[in-house]
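Fold and contact review
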Amino acid sequence: FLTANKKQTILTDTLLAPVDSKQAQKDNDNATRGIAYAIVAFFFFAVMNVFAKLLFNNGYHVIEIAFYRNLVAIVPFLALVYLRGGFKTIIPVNTRGIIARSIIGSVSLIATFGAFAHLPMADATALIFASSLILPVLAYFILKEQVGIYRWSAVLIGFFGVLIMAQPSGAINITGIIFALSAASMHAVIQTMVRWLGRTDHPFVITFYFIAIGTLFCGALMPFVAHMPDINDIWMFISIGVTGALGQFCITSAYKNAQASIVTIFNYSGIIWATIFGWFIWSDWPSAAIWAGGTIVIASNIFIIYRENRLKKQMNIL
């Protein structure tokens, strides 16, 4: 164990050590770039979910919506692959990781569309925020990371907020709740995997395989749910594909440039867009339960982020 004097010496040396201004500026630029990518990503995702809800209301199955979303998005990505020099430029480093992330992401996309199809925009978004509460649980049980009493308390309080939003009395569509919480669980896994894959593979490569494998995965299910799209809905299918691809690339780039804790904070901008779109298009305004539960969930998430950052700083000092 370090003595008090030794700890003081280390702390003093750390504070007085010369600062590499170029490296600090580079880190700041990367963080700023990551924040910008995150804000744009969550806007695109909100727009994508608007189109998903509109298409569901027009009679399309969520699997159909996910399939066409990927099918439309893969076209410009194939063109970009050609311009970048062909398929040799997208050979993955972590092949198994990218395949696993793509399959989980495809199921998550279907669940997400299901949540927005059955729930008001803001309600679905607020429930999916539970993904950030699941991350510490996954870290403890799967990665064997230490999670202290403060973070466990924040997780439990956050899940109490989810329970308030879910309204066990049945006031909210139970199918939508199941879809939303399933999506939240898979989002938590994906958030961890994207950060991990970003260390070895370029965001373009990760996004390309997610869309390509997602097209095949959803395409295999199409014979059970598909029907001929109405020509008047084609523009929405194109829009959902474009916004989905842009959002996916931006969020991957955000995790590539900035710490996961920073990116997660800007996830909450999504509920602003969801509330605006839901009110403007469907005249949906979040209920008191959504406001109360959502506030508890967001506050719990922010506390967890604060604790993780504080612990990291303490470990760096020691």
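Residues numbered from 1 in each chain as written. Predicted model: local features only at pLDDT ≥ 70, side-chain atom pairs only at ≥ 80, totals over all residues. Heavy atoms only, no water.

Turning to the overall build of the chain, a few remarks are in order. Regarding its fold elements, the chain presents 13 helices and 0 strands. The secondary structure elements of the chain, listed N-terminal to C-terminal, are α-α-α-α-α-α-α-α-α-α-α-α-α. Here the chain, with 318 residues, has 47% of them falling under the buried criterion. For the chain, contacts bridging at least 24 residues in sequence account for 89% of all contacts bridging at least 6. When the accessible surface of the chain is totalled, it reaches about 16400 Å², and 69% of it is carbon and sulfur. (Helix = DSSP H or I, 4+ residues; strand = E, 2+ residues; numbered from the N terminus. Buried < 20%, exposed > 50% of the residue type's maximum accessible area, 1.4 Å probe, protein only. Contact = heavy atoms within 4.5 Å. Areas by Shrake-Rupley, 256 points an atom, 1.4 Å probe, with all protein chains shown as cover.)

Before going further, it helps to examine the packing of helix α4 (residues 95-118) against helix α5 (residues 121-128). For the pair α4 and α5, the least separation of the axes is 7 Å and the interaxial angle reads 140°. Put simply, α4 runs oblique to α5. The element α4 and its partner α5 pack so that their crossing is right-handed. Counted together, Thr112, Ala115 and Phe116 of α4 and Met121, Ala124, Thr125 and Ile128 of α5 form the full contact between these two elements. Within the contact of α4 with α5, the residues separate by chemical class into 5 nonpolar, 2 polar and no charged. (Axes fitted to C-alpha atoms, helices over the stretch in contact; angles between N-to-C directions. Parallel < 35°, antiparallel > 145°, perpendicular 65-115°, else oblique. Left-handed = near helix turned anticlockwise from the far one by under 90°. Nonpolar A, V, L, I, M, F, W, Y, C, P; charged D, E, K, R; others polar.)

Moving on, we get to the nonpolar core. In this structure, Phe113, Ile240 and Ile251 are the most contacted members of the largest nonpolar core, which totals 67 residues. The element that contributes the greatest number of residues to this core is helix α2 (residues 21-57), accounting for 11 residues. Among all residues touching Ile251, those that are not within four sequence positions of it are Ala41, Phe42, Phe45 and Val263. With 15 residues, the next largest nonpolar core counts Ala73, Ile74, Leu197 and Ile206 among its residues. (Core = buried A, V, L, I, M, F, W, Y, C linked by side-chain atoms within 4.5 Å.)

Take the side chain of Lys53 next. Relative to the helices and strands, Lys53 is located in helix α2. With no salt bridge to any partner, buried Lys53 finds its closest opposite charge in Asp284, at an N-O distance of 5.3 Å. (Lys, Arg positive; Asp, Glu negative; His and termini not counted. Salt bridge = Lys/Arg side-chain N within 4 Å of Asp/Glu carboxyl O.)

For Phe56, the position within the fold is in helix α2. Along the backbone, Phe56 and Ala117 are 61 residues apart, and their C-alpha atoms lie at a distance of 6.0 Å. Among residues more than four places away in sequence, those in contact with Phe56 are Val62, Ile65, Ala117 and His118.

This part covers helix α8 (residues 174-197). Here α8 spans 34 Å end to end across 24 residues, near enough to the 34 Å set by a 1.5 Å rise per residue. Here α8 has its buried residues at Gly176, Ile177, Ala180, Ala183, Ala184, Met186, Ala188, Ile190, Gln191, Met193, Val194 and Leu197. With a side-chain oxygen lying 2.8 Å from the backbone nitrogen of Thr175, the N-terminal cap of α8 falls on Asn173. (Expected span 1.5 Å × (residues − 1). Polar contact = N/O pair within 3.5 Å; in protein donor to acceptor, adjacent residues only side chain to side chain.)

Evaluation of the coordinates by the stated rule reveals 13 aromatic pairs. An angle of 50° between the planes, with centres 6.5 Å apart, marks the rings of Phe43 and Phe277 as tilted. Taken together, the residues Phe43 in helix α2 and Phe277 in helix α12 (residues 269-282) connect sequence positions 234 residues apart. A relative accessible area of 29% means that Phe43 is categorised as partly exposed. Among the aromatic residues, those joined into a cluster by ring pairs are Phe43, Phe44, Trp273 and Phe277. Its guanidinium or amino end placed over the ring of Trp282, Lys53 lies 5.5 Å from that ring's centre, counting from NZ or CZ. (Phe/Tyr/Trp six-rings, centres within 6.5 Å; stacked < 30°, edge-to-face > 60°. Lys NZ or Arg CZ within 6 Å of the ring centre and 35° of its normal.)

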